[in-house]
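# An overview of the molecular structure
This is what each chain is made of:
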Amino acid sequence: MSIPAALNELVAALTEHANVMSGKDVAPPTAVEVIERVRVAAARYSDATFESSGWGSPFSDLFEDEELFEDMEGAESGDGSVPEEAERISITGRWDFVVTDQEAWLAHVTQGLDDLGAGDCAVDLTSTAQAMHELLTHDAPFVSYTRHGLADGGEEWMIEQIPKTLSETSDGEYHDGIA
């Protein structure tokens, strides 16, 4: 999908959203439908931008830092949802994958997005990295932990193509920034 076509779709979805949400008694199913159309259109716009320019989503961190800042402010003042005595943890890591069968991978991601109700985002999948981005954007890999006392405190991640995986890289190359 081209950027102008994706932009038109996003504007149409936002316009519909604004019209529906301007009412006082919006039925929950209607609200969910228009919200999902905006999310799908925003994802398509992000995908078109990525495919055209290689740049990621303009929406990816729009609210994350703001929400985290608000949570931290609330925790410090004692009136937020994050208790002051709560422990905070951060996980930093790197996972490399080798796609040995692009067709099988894209089929898997397409099915996964369908299962998540985001099948519209699988229409224009053309690269393995884009497919991983879509899957991680729409799936919540750590959501099962929230039932066990872990609350999301924000996230930042990126997907990129690399010349070598960690297993193909020597310690010296890794520390020199080659991989």
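Residues numbered from 1 in each chain as written. Predicted model: local features only at pLDDT ≥ 70, side-chain atom pairs only at ≥ 80, totals over all residues. Heavy atoms only, no water.

### Digging into the overall build of the protein chain
Per the secondary structure count, the protein chain includes six helices and zero strands. Ordered by position in the sequence, the α and β elements of the protein chain form the string α-α-α-α-α-α. Buried residues in the protein chain amount to 22% of all 179 residues. When contacts within the protein chain are restricted to residue pairs at least 6 apart in sequence, those whose partners lie at least 24 apart make up 53%. Counting every atom, the protein chain has about 12800 Å² of accessible surface; 55% of that belongs to carbon and sulfur. (Helix = DSSP H or I, 4+ residues; strand = E, 2+ residues; numbered from the N terminus. Buried < 20%, exposed > 50% of the residue type's maximum accessible area, 1.4 Å probe, protein only. Contact = heavy atoms within 4.5 Å. Areas by Shrake-Rupley, 256 points an atom, 1.4 Å probe, with all protein chains shown as cover.)

### Topic: the packing of helix α4 (residues 102–115) against helix α5 (residues 128–138)
Where α4 meets α5, the closest approach of the two axes is 10 Å, and the angle between their N-to-C directions is 20°. Relative to α5, the element α4 lies roughly parallel. At the point where α4 passes α5, the crossing takes the left-handed sense. When α4 is examined against α5, the residues Q102, W105, L106, V109 and L113 are found in contact with a partner set consisting of T128, A131, M132, E134, L135 and H138. (Axes fitted to C-alpha atoms, helices over the stretch in contact; angles between N-to-C directions. Parallel < 35°, antiparallel > 145°, perpendicular 65-115°, else oblique. Left-handed = near helix turned anticlockwise from the far one by under 90°.)

### Quick notes on the confidence of the model for the protein chain
Scored by pLDDT, the protein chain has a mean of 78; 83% of the residues are at 70 or more. By mean pLDDT, helix α3 (residues 64–77) is the weakest element of the protein chain at 44, and helix α1 (residues 3–21) is the strongest at 93. Taken as a whole, residues 64–80 scores under 50 in pLDDT and shows 13 contacts with residues more than four places along the chain or in a different chain. (pLDDT = per-residue confidence, 0-100.)

### Observations regarding the side chain of D47
You can see D47 is positioned in helix α2 (residues 28–53). When residues no more than four places from it in sequence are discounted, the contact partners of D47 are C121, Q130 and E134.

### What about α4?
With 14 residues, α4 ought to run about 20 Å at 1.5 Å a step, and its terminal C-alpha atoms sit 20 Å apart, in line with that. By the burial criterion, the buried members of α4 are W105, L106, V109, G112 and L113. Along the axis of α4, the buried positions cluster into a sector of 125°, meaning they face one direction only. Across α4 from its buried face, at more than 90 degrees, point the exposed residues E103 and D115. Buried positions along α4 lie against α5. Count one or two residues on from α4 and you reach G117, which has phi positive near 80°. (Expected span 1.5 Å × (residues − 1). Arc of directions from axis to C-beta.)

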